Amino acid sequence: MTVFDALVGQRHTVAMLQRAVAGQGMTHAWLFTGPPGSGRSNAAIAFAAALQCKKGGCGECQSCRTAMAGSHPDISVNRTDTSVHKVEDMRDLVRRAALSPSLGRYQIMVIEDADRLAIGENHKTANALLKAIEEPNARTIWMLCCPTVEDVLPTIRSRCRSVVLSTPSAQEVAGFLETSVGVPDSLAAYAARASQGHIGRARALALDEKTRNRRNEVVQLPKGLTNLAACLNAAANLVDIAKDETASITEQANNKELEDLQTMLGSDTKARSSRTYKAGLTELAKEQKQREKRRNLDVVDRCLMDLLSVYRDVIAVQTGAEGTLVNEEIAGDIRELARRTTPESNLRRIAAVFNARQQMMDFNTPPLLALEALMVALKV
């Protein structure tokens, strides 16, 4: 057992990282890229654990266990649930990076979603890191994770060694679910297909019936897009699905944060009427709203990827492509859509889905408006 065992379908990447741990090609800054669900952050954390371990990532020593659990004092993992990393968080990370390691061999800084370091022309957050990455301490290592190398500033990526992860195959994901999660082989096969190689999504589909039901609602939408009313209803249904899933994710976390604030500042009448309490409550509400908006967009985006899988299957049937359908469980609907449409029209539908994603992510278009326009474009 090693810290790299949970990296599904990444044999070449694991081999490269193990060589770096042994001293071959080691450097001070790394950029982990790959499609969603490929395990970018998991790979970075496993690499960090291996670098701190005297045995190169045995997975059993205290250093490995604390690193994988997120409690190692010399491994800092920075995440954000909002649309952009805060400048203040990055500056704090730079200050910590200047410290000598307390227990491990290195001071390691991991930044998840490094593509959220810069939004549009605002590069302040990314620039806050530039000098620290350019001129690090001898025992400091930076690890940035994002979808592609183009998602970070050229000045940063030019100083990092690139690690590119691939999408694991359905067979590899299914095997992981069977052995590590313990789900039946039929459910593992379904989750592996439906997730399209996204490990986290596959785990959720395998373990949560509500997640499976929500996905089933989404992939059932294309067959019913036959008139304008149906298109508008489908858009509203998709927004509701996203809101329900977002609420299930955020409600418990929001309540816990409110309880923590009350514990820190007091929950009696006098404390609640204080200026400090009101300011803290206002700031908390602002952060929670930003996180909820980002999570809702993430859920909508995942729903759109499920829609894409339907049109991918339709084109596969129309062109006689070999291989298993992603949505094998609705094969009858897939064949009916294939009969009623053409490959060219479905390619245009796929382009419309990507356009809707861009409208919401890059231009801040309200999800309902973007989805209504999309559903009309998908009309059969």
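Placed above this text is the structure.
Residues numbered from 1 in each chain as written. Predicted model: local features only at pLDDT ≥ 70, side-chain atom pairs only at ≥ 80, totals over all residues. Heavy atoms only, no water.

**Notes on the pairing of strand β3 (residues 107–111)**
Along any regular strand the residues' side chains alternate between the sheet's two faces.
Here is step 1: For β3, the tally of buried residues reaches five of five residues, placing the bulk of the element in the interior.
Here is step 2: By the alternation rule, side chains of β3 split into Q107, M109 and I111 and I108 and V110, which are all buried.
Here is step 3: Two elements, strand β2 (residues 75–78) and β3, share four bridges in a ladder whose sense is parallel. Bridge pairing links N78 to I111 in β3. (Buried < 20%, exposed > 50% of the residue type's maximum accessible area, 1.4 Å probe, protein only. Helix = DSSP H or I, 4+ residues; strand = E, 2+ residues; numbered from the N terminus. Pairing = 2+ DSSP bridges.)

**A word on the packing of helix α11 (residues 228–265) against helix α16 (residues 367–378)**
Here is step 1: In the contact formed by α11 and α16, the axes pass within 8 Å of each other and the chain directions differ by 140°. Classified by the angle between their axes, α11 and α16 sit oblique to one another. For the element pair α11 and α16, the recorded crossing hand is right-handed. Of α16, the residues touching α11 (which contributes L228, C231, L232, A234, A235, A236, L238 and V239) are P367, L368, L371, E372, M375 and V376. (Axes fitted to C-alpha atoms, helices over the stretch in contact; angles between N-to-C directions. Parallel < 35°, antiparallel > 145°, perpendicular 65-115°, else oblique. Left-handed = near helix turned anticlockwise from the far one by under 90°. Contact = heavy atoms within 4.5 Å.)

**What about the sheet that holds strand β4 (residues 140–146)?**
Here is step 1: Reading across from one edge, β2-β3-β4-β1-β5 is the order of the five strands in this open sheet, with parallel pairing throughout. Two strands in the sheet have a free side with no partner beyond their single neighbour: β2 and β5 (161–164). Adjacent strand axes in the sheet meet at a mean angle of 15° when their direction is disregarded.
Here is step 2: Where strand β1 (residues 29–33) and β4 come together, five bridges link them in parallel fashion. Its bridge partner being in β4, F32 is matched across the sheet by C145.
Here is step 3: Taken strand by strand, helix α2 (residues 40–52) contacts β1, β2, β3 and β4, and its axis lies near 165° from that of β4.

**As for empty space enclosed by the protein**
Here is step 1: If you walk through the whole model with that rule in mind, you get one cavity of 30 Å³ or more.
Here is step 2: Of the pockets and cavities examined, the largest cavity occupies roughly 40 Å³.
Here is step 3: Considering the residues around the largest cavity, the lining is formed by R201, T211, R214, R215, V218, I241, E245, R302, C303 and D306.
Here is step 4: Put simply, the parts of the chain that give the lining of the largest cavity at least two residues each are α10 (209–219), α11 and α13 (275–319).
Here is step 5: Looking at the lining of the largest cavity element by element, the count peaks at four residues for α10.
Here is step 6: Each residue belonging to the lining of the largest cavity can be placed in one class, and the counts come to three nonpolar, one polar and six charged. (1 Å grid on protein atoms, 1.4 Å probe; cavity = no way out; pocket = protein on both sides within 12 Å on 5 of 7 lines; lining within 4 Å. Points joined across faces, edges and corners; volume = space filled by probe spheres on them. Nonpolar A, V, L, I, M, F, W, Y, C, P; charged D, E, K, R; others polar.)

**Overview of helix α1 (residues 11–21)**
Here is step 1: Within α1, the full set of buried residues consists of T13, V14, M16, L17, A20 and V21. For α1, the buried positions fall inside an angular range of 165° around the axis, keeping them on one side. Away from its buried face, by an angle of more than 90 degrees, α1 presents the exposed residues R11 and H12.
Here is step 2: The inward-facing, buried residues of α1 abut β1, α2 and β5.
Here is step 3: A positive backbone phi angle near 105° is found at G23, which sits one or two residues after α1. (Arc of directions from axis to C-beta.)

**Considerations on the packing of aromatic side chains**
Here is step 1: Here the structure, examined in full by the defined rule, presents two aromatic pairs.
Here is step 2: Aromatic pair W30 and F47: ring centres 4.9 Å apart, planes at 75°, arrangement edge-to-face. Linking W30 in strand β1 with F47 in helix α2, this pair joins segments that are 17 residues apart in sequence.
Here is step 3: Under the relative-accessibility criterion, W30 is labelled buried at 0%.
Here is step 4: Feature note: the residues W30, F32 and F47 constitute an aromatic cluster, connected by ring pairs. (Phe/Tyr/Trp six-rings, centres within 6.5 Å; stacked < 30°, edge-to-face > 60°.)

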